[in-house]
Amino acid sequence: MIIRLRSRDGTERVEVPDNATVDELKGKISKDLSIPYEQITLSANQALLMSKNPAAFTDLKEGSRTLRGLGLGHGAMVFMKYDIERDVAPSVKCNTVPFGQHMEVADMMAKWTRIEPQEKPHCQSCSFDAQAANLFQSYVRDTLAFSIQRCGFLYGECDDEGSVRVHFIYEPPQEGSVNSLLLMRNAEEERRVDFIAHQLGYKRVGLVLTHSNAEDSERDFNVSGAQLALMAEMQAEGGEHFCTAVVSLAETEEGEPYVHFELFQVSDQGIKLHTDGLVAEEQEREDEEKMGFLKVTKDVIVAGKDTKEVDTDFLLVVVPILDHEGPLKCTFPVENRLIAQTANDLRAHLSAHKSREYCQRLADFHLLLYLSKHLDLNTDMALLVDAVKTHGTVAEGYQLIIDSIAGL
């Protein structure tokens, strides 16, 4: 399997057996990268790179532990620190300007952009409503079998300390393939989504992306260049606490599959590349070895080298991930999936929860979005969403209308 190694000199890769231990990984690093074994400190914690006390990082200190037993599989990122000075060959093609050739001001500005890892995210943590997360990942796992990429928009709230809580996931119209994703955003539907969210006191706080199973068999990157371009675009829109969950299919040490969630923010430099218009519009790749690189239109400096391709790992910052039980239920069928929502779904949902107060029966974002196709947004839906938010009474007239839509 491939293990990615990030150090002050950039990102490198080594190949080790599937059952390799920490000692074997360090031995491979020493042999392939010419770093003295005794100088190598490894950790899964990015803070190692900035630390003045590397000995405090002990998560990968026990040499006999297997990498898989420590949760490090194919494509895992390990952070590495050492004292020696190295001359590392660039992992991507470098570009030089011949003597005397004119350079545009924009090129000069880009040349001054030195891409470096960012130590801390702006988002302190992101907590997912467990039902909402499961509703998304179970569809990707059980129905799509991780055969194609999928995405969703995260909605919730953010406190003054920068901690985000996700309460529901909206899935926009989209077409996914093994290595790409095409969003077919519906402005009218998103207007209704944002209206319902705002009435509940929420806003768009993030994005969730998946990798396909075919990608994962050979993937040695966290996100592709195309995915990072989308992340940067939406984070620039959503603000500094906006974050992205990346969902993939992984294996335990015993070879058992499980769904793996990771959470990231695009670094400030990554956002600046987007806002300065330096991210290339076309990010699709035929060369699988370059899928984990972001194409930029001007040379930037990575690990002391000029390049137009940036390893996406340099532009990601890890965010702690938590879970909670939110105020909404997530049991109604989700919009824009292979099987469309129908009145039968509404009837089944209302019947299944008939012992509850009517406002509680409606306390599901996907159900409210379905109703918004049948009712006026600014009058009817505003009153219904307010009843859900405040646990108030739903007027009898609205109950009759909704029951009629459901065929009850």
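Refer to the structure presented above.
Quick notes on the rules
Residues numbered from 1 in each chain as written. Predicted model: local features only at pLDDT ≥ 70, side-chain atom pairs only at ≥ 80, totals over all residues. Heavy atoms only, no water. Buried < 20%, exposed > 50% of the residue type's maximum accessible area, 1.4 Å probe, protein only. Helix = DSSP H or I, 4+ residues; strand = E, 2+ residues; numbered from the N terminus. Arc of directions from axis to C-beta. Contact = heavy atoms within 4.5 Å. Pairing = 2+ DSSP bridges. Phe/Tyr/Trp six-rings, centres within 6.5 Å; stacked < 30°, edge-to-face > 60°. Lys NZ or Arg CZ within 6 Å of the ring centre and 35° of its normal. Axes fitted to C-alpha atoms, helices over the stretch in contact; angles between N-to-C directions. Disulfide = S-S within 2.5 Å. Polar contact = N/O pair within 3.5 Å; in protein donor to acceptor, adjacent residues only side chain to side chain.

Enquirer: Describe helix 7 (residues 268-275), and please don't skip the residues or the numbers.
Expert: Within helix 7 the residues assigned to the buried category are Gly 270, Ile 271 and Leu 273. Projected down its long axis, helix 7 shows its buried positions confined to an angular sector of 155°, all on one face. On its buried face, helix 7 is in contact with strand 5 (114-115), helix 6 (225-238), strand 13 (257-266) and strand 14 (293-302).

Enquirer: Give me the lowdown on the pairing of strand 14, citing residues and values where you can.
Expert: The element strand 14 is extensively covered by neighbouring structure, given that 7 of its 10 residues are classed as buried. Two strands pair when backbone bridges link them, and strand 5 and strand 14 are joined in this way by 2 bridges, in the parallel orientation. Bridge pairing in strand 14 places Arg 114 opposite Ile 301. In textbook terms, the turn of a hairpin is the stretch between consecutive antiparallel strands, and for strand 14 and strand 15 (residues 305-311) this stretch comprises 2 residues, one of which, Ala 303, has a positive phi near 50°.

Enquirer: Describe in detail the packing of aromatic side chains, supporting the description with residues and values.
Expert: Evaluated as defined, the whole model comprises 6 aromatic pairs. Seen in terms of ring centroids, Phe 128 and Phe 261 are 5.9 Å apart; in terms of plane orientation they differ by 65°. Their pairing is edge-to-face. Linking Phe 128 in strand 6 (residues 125-129) with Phe 261 in strand 13, this pair joins segments that are 133 residues apart in sequence. Ring plane angle 45° and centroid distance 5.8 Å describe the contact between Phe 332 and Tyr 370, whose orientation is recorded as tilted. Residue Phe 332 is located in the loop between strand 17 (321-324) and helix 8 (343-352), and its partner Tyr 370 is located in helix 10 (residues 365-371); the two are separated by 38 residues in the primary sequence. When its relative accessible area of 5% is taken as the criterion, Tyr 370 is described as buried. Over the face of the ring belonging to Phe 314 we find Arg 6, whose NZ or CZ atom lies 5.3 Å from the ring centre.

Enquirer: Now, about the sheet that holds strand 4 (residues 77-81): what can you tell me, with residues and values included?
Expert: Read from one edge to the other, the open sheet built from 4 strands follows the order 2-1-4-3, with strand pairing classed as mixed. Because the sheet does not close on itself, it has two edges, and the strands there are strand 2 (10-15) and strand 3 (41-43). The average angle at which neighbouring strand axes cross in this sheet is 35°, direction not considered. The sheet contact formed by strand 3 and strand 4 spans 3 bridges and is antiparallel. For Thr 41, the partnering residue across the bridge sits in strand 4 and is Lys 81.

Enquirer: Talk me through the state of the cysteines; I want residue IDs and the actual numbers.
Expert: Applying the stated criterion to the full structure yields 0 disulfides. Cys 151 carries a free sulfur, and the closest cysteine sulfur to it, the one in Cys 243, is 14 Å from it. What makes Cys 151 buried here is its relative accessible area of 0%.

Enquirer: Describe the side chain of Gln 235, listing the residues and the values that go with them.
Expert: Inspection of the secondary structure puts Gln 235 in helix 6. Assessed through its relative accessible area of 6%, Gln 235 is described here as buried. There is a polar contact of 2.9 Å between the side chain of Gln 235 and the backbone nitrogen of Val 266.

Enquirer: Tell me about unusual backbone geometry, and please be specific about residues and values.
Expert: With phi around 55°, Ala 145 is a residue other than glycine that occupies positive phi space. Note on Ala 145: relative accessible area 45%, which makes it partly exposed.

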